[in-house]
Amino acid sequence: LSKTGTYAGFSGISTFGDIGNDGNASQRTEAQTGSIDEVHISKTDRTAGWITTEYNNQSSPSTFYTIAGEPNTWVGTTNSNWNVNGNWSSGTAPASGADVIIANGTNQPTTNINAQVNSIFINNTATLSLGSKSLSVYGDVTTCGTLQGSTGELILNGTGNQVQTLSGAGTYNLYDLTVSNTSGRNPAVKLVQTAVVDDIYKQTSGIVDLNGKQLSL
């Protein structure tokens, strides 16, 4: 129901109005037939994108948005082994698509298996040790604590349409670092915090933006 100009023959749309009708009383054949579920009246012009979003939200709320699962948080109840289910808030060790939080506590984790996660966040004063294994990450790595390489390897193997970042106010003491990002983004990996690599740095795919930060080899 819209009024975009001056209607001939009457002074206001309050005289009558039909959805789809142009307001001319002698041409009442343009009206839309059917039922109306909801009407929004606005004095602001709305974009086509806004109207589409409103429609999608109303027509199928269950598919309009998704809520991601909660991150799997390290609790260290049993010991320091990454693959022990009881050490994690979900009751199971992280799956390959999991977002992981390393919380500080008595038993700090060590990757005793080669692991793959979606993203990882290390809390202030927490430490994640890679042991002699590899930790592969599809998304961002953020440490406000310490990521300790030991003799293990951090692999940045993102494939999605995003830039992977190494960020946070913490410490990156890495042993081996491999960039194997196949997303096609430029850059594919961005340094937001300085990092130290003690042993081997490999870049098999993906452009790295040092972003003014230091990558010490």
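Caption draft 1: Just the nonpolar core, in detail. Of all hydrophobic cores here, the largest spans 30 residues; its most connected members are Trp82, Ile102, Leu128, Leu135, Leu147 and Leu154. Where this core is concerned, the elements lending two or more residues are strand 2 (99–102), strand 3 (115–117), strand 4 (119–122), strand 6 (134–137), strand 9 (153–156), strand 11 (171–180), strand 12 (189–191) and strand 13 (195–205). Considering every element that reaches this core, the biggest residue donor is strand 11, with 4 residues. Residues within four places of leucine 135 in sequence aside, it is in contact with Trp82, Ala115, Val117, Ile120, Leu128, Leu130, Glu153, Leu154 and Ile155.

Caption draft 2: Representation of the side chain of serine 136 within the structure. Tracing the sequence through the fold places serine 136 in strand 6. If we skip the residues at most four places from it in the chain, serine 136 touches Ala115, Gln116, Val117, Ile155 and Asn157.

Caption draft 3: Seen up close, empty space enclosed by the protein. Counted by the stated rule, this structure contains 2 cavities of 30 Å³ or more. The wall of the second largest cavity is formed by Leu156, Leu166, Leu177, Val179, Val189, Leu191, Tyr201, Val208 and Leu215. Per-class residue counts for the lining of the second largest cavity are 9 nonpolar, no polar and no charged.

Calculation notes
- Residues numbered from 1 in each chain as written.
- Predicted model: local features only at pLDDT ≥ 70, side-chain atom pairs only at ≥ 80, totals over all residues.
- Heavy atoms only, no water.
- Core = buried A, V, L, I, M, F, W, Y, C linked by side-chain atoms within 4.5 Å.
- Buried < 20%, exposed > 50% of the residue type's maximum accessible area, 1.4 Å probe, protein only.
- Helix = DSSP H or I, 4+ residues; strand = E, 2+ residues; numbered from the N terminus.
- Contact = heavy atoms within 4.5 Å.
- 1 Å grid on protein atoms, 1.4 Å probe; cavity = no way out; pocket = protein on both sides within 12 Å on 5 of 7 lines; lining within 4 Å.
- Points joined across faces, edges and corners; volume = space filled by probe spheres on them.
- Nonpolar A, V, L, I, M, F, W, Y, C, P; charged D, E, K, R; others polar.

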